Amino acid sequence: MMRPAGFALVDDRSYIRGMARPRRSGDTRQLLVEEGAAGFLASGYHGTGIKQVLDKVGVPKGSFYNYFDSKESFGRAVIEHHSLCVQRNLSAAFGAAADPVSGLRAFFGRLMAEFVEAEFTGGCLIANLGGELEGSELLRESLSKAWGAWRDRVAEQLREAQGLGMIRSDIDATDLADLLLESWEGAVIRMKIDRTLEPLQKCLDRLLDDYFRP
């Protein structure tokens with residue numbers, strides 16, 4: 001699957017486990033966050049040790065607290081970084097598309113292409129951590145905010161499509177966006193189990209090309 005023209009993906013390694021390593025920033029704090037995103041996706045929050053992240057970045061163990069108060073604050077920074085990357089990727093996909101629905105397909109299409117490159121491994125950092133961090137109110141709030149930002153951008157796109165008569169207008173765009181993203185995340189689980197893009201393609205086809213239509 002080819003990248004849509006003009007769609008420059010921001011790679012934070014926190015959606016697809018097999019993503020190529022991004023160009024490393026010169027900022028140590030940012031390097032730690034980028035490595036944390038990769039570690040959390042591959043091994044989970046609890047399975048990723050701070051020493052492991054520090055060693056990969058080449059930072060002395062005692063330096064961690066120069067940048068973060070705790071592992072929780074580190075986790076919050078990783079989630080915020082992931083959310084920012086998602087927002088940039090949404091903007092790139094939507095800005096290069098001929099219409100709102102094509103923009104949504106471009107965004108999700110690029111994710112599917114990355115899943116193929118990663119041999120159907122990985123997933124979404126927000127969804128993965130959401131199932132792991134029920135005991136942390138700080139991180140739960142961060143995940144909720146990140147999900148809401150993603151949902152709201154998709155809702156804006158759907159609302160624009162409603163104005164053009166491309167999407168049904170009898171259901172609020174925010175409700176449609178929640179349905180799309182919740183269905184997508186469930187399809188990602190099925191994709192990883194069966195190692196095929198079919199669940200993801202069905203999700204998009206059944207919603208964008210069927211249920212969401214006027």
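Residues numbered from 1 in each chain as written. Predicted model: local features only at pLDDT ≥ 70, side-chain atom pairs only at ≥ 80, totals over all residues. Heavy atoms only, no water.

Caption draft 1: Spatial organisation of the overall build of the chain. Counting its secondary structure elements, the chain contains 8 helices and 0 strands. When the helices and strands of the chain are placed in sequence order, the string is α-α-α-α-α-α-α-α. When each of the 214 residues of the chain is scored for burial, the buried share is 50%. Taking contacts inside the chain between residues at least 6 apart in sequence as the whole, the part at least 24 apart equals 70%. In the form shown here, the chain has an accessible surface area of approximately 10200 Å², with 48% of it arising from carbon and sulfur atoms. (Helix = DSSP H or I, 4+ residues; strand = E, 2+ residues; numbered from the N terminus. Buried < 20%, exposed > 50% of the residue type's maximum accessible area, 1.4 Å probe, protein only. Contact = heavy atoms within 4.5 Å. Areas by Shrake-Rupley, 256 points an atom, 1.4 Å probe, with all protein chains shown as cover.)

Caption draft 2: Expanded view of the packing of aromatic side chains. All chains considered together, the criterion is met by 11 aromatic pairs. Ring plane angle 65° and centroid distance 5.0 Å describe the contact between F68 and F74, whose orientation is recorded as edge-to-face. A residue is classified by how much of its surface remains accessible, and F68, at 3% relative accessible area, is buried. Assessed through its relative accessible area of 1%, F74 is described here as buried. Ring centres of F107 and W150 lie 6.4 Å apart, and the angle between their planes is 70°; on these two criteria the pair is classed as edge-to-face. Residue F107 is located in helix 4 (residues 100-117), and its partner W150 is located in helix 6 (residues 137-163); the two are separated by 43 residues in the primary sequence. One aromatic cluster is present, built from ring pairs that chain together F40, Y45, F64, Y65, F68 and F74. Over the face of the ring belonging to Y45 we find K71, whose NZ or CZ atom lies 4.5 Å from the ring centre. Positioned above the aromatic ring of Y211, the side-chain terminus of R168 is 4.7 Å from the ring centre. (Phe/Tyr/Trp six-rings, centres within 6.5 Å; stacked < 30°, edge-to-face > 60°. Lys NZ or Arg CZ within 6 Å of the ring centre and 35° of its normal.)

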